[in-house]
Amino acid sequence: MKLKDIIQITVFTVIAFVLGMAVSMGTGMLGTVSLYVASGFSALVIAPPFVVMAKKIKKKPSAFIFFMLLAIFWSLMGYWPMLIINLIAGIVAEIIIGNYEDDKRVAAAVATGMFIISMHAMTFVKVLGPEKLVEVFTVFSPEQAQHMYTFFTPKAMLISIIVNIVLVTLAGLFGMYINNKFFEKRKEKGIL
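Just so we're clear, the structure is a prediction, and the values are computed from it rather than from any experiment.

Caption draft 1: The arrangement of helix α4 (residues 81–97) in detail. Under the 1.5 Å per step criterion, the end-to-end length of α4 is 24 Å for 17 residues, consistent within 8% with the ideal 24 Å. The set of residues buried in α4 consists of Pro 81, Met 82, Ile 85, Asn 86, Ala 89, Gly 90, Ala 93, Glu 94 and Ile 97. Note on α4: the residue one or two positions beyond its end, Gly 98, has a positive phi of about 50 degrees.

Caption draft 2: Summary view of the environment of Glu 184. As for its placement among the helices and strands, Glu 184 is situated in helix α9 (residues 154–188). Classification of Glu 184 by relative accessible area gives buried; the value is 19%.

Caption draft 3: Highlighting the UniProt feature "transmembrane region" (unreviewed entry) in the protein. Here, the residues flagged by UniProt with the feature "transmembrane region" (unreviewed entry) are residues 7–27, 33–54, 61–77, 83–100, 107–128 and 156–178. Secondary structure across residues 61–77 divides into 88% helix and 0% strand, with the first and last C-alpha atoms of the span separated by 25 Å. A helix fraction of 83% and a strand fraction of 0% characterise residues 83–100, whose end C-alpha atoms lie 24 Å from each other.

Caption draft 4: View of the pattern of salt bridges. Scanning the entire structure with this criterion turns up four salt bridges. Between Lys 55 and Asp 103 there is a salt bridge; the shortest N-O distance is 2.7 Å. One end of the pair, Lys 55, is in helix α2 (residues 38–57); the other, Asp 103, is in helix α5 (residues 103–118), and 48 residues separate them in sequence. On the accessibility criterion, Lys 55 (5% relative accessible area) is buried.

Analysis parameters
Residues numbered from 1 in each chain as written. Predicted model: local features only at pLDDT ≥ 70, side-chain atom pairs only at ≥ 80, totals over all residues. Heavy atoms only, no water. Helix = DSSP H or I, 4+ residues; strand = E, 2+ residues; numbered from the N terminus. Expected span 1.5 Å × (residues − 1). Buried < 20%, exposed > 50% of the residue type's maximum accessible area, 1.4 Å probe, protein only. UniProt positions renumbered as here; feature names shortened; annotations may be inferred. Salt bridge = Lys/Arg side-chain N within 4 Å of Asp/Glu carboxyl O.

Laid out in structure tokens, this is it:
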């Protein structure tokens, strides 16, 4: 992979990160319940930059680098658990994506990666337990820690999983639609 490829992946990741953060914070402000699906909603805007990047560069390990750059950006904001979560998401996405020419696998890769990220809060709830969770997450966000402790009931978790599966699936399809509708057609016309 050439330096030019790394720079392009970085640019697409920055765009995705900024859009994802904006949507995630926006949905988080709508109410406590939206915290369950904020990552799912942010996947809708992260998917297009991911798909365009993957289809434009078509080289391994583009997907892995994309997710690890996201991890670095989140970590710079003080949220270091995303390093581990995005590492897993990046590895899984790279395995799923296989051939970068395959549209369905590219869409599935970003959807699966974003689902792994969207499920991290519930994983922490199950592994750490409510009391330890509040203690750990207070370092990053006291408000989010308290929301997790108060509202992450088994029923809420199930609803969140279902909603996130739907959202990240739509995100992958939406990303491919944006790529094919605007970028691939422009490339065919010689604009890009």
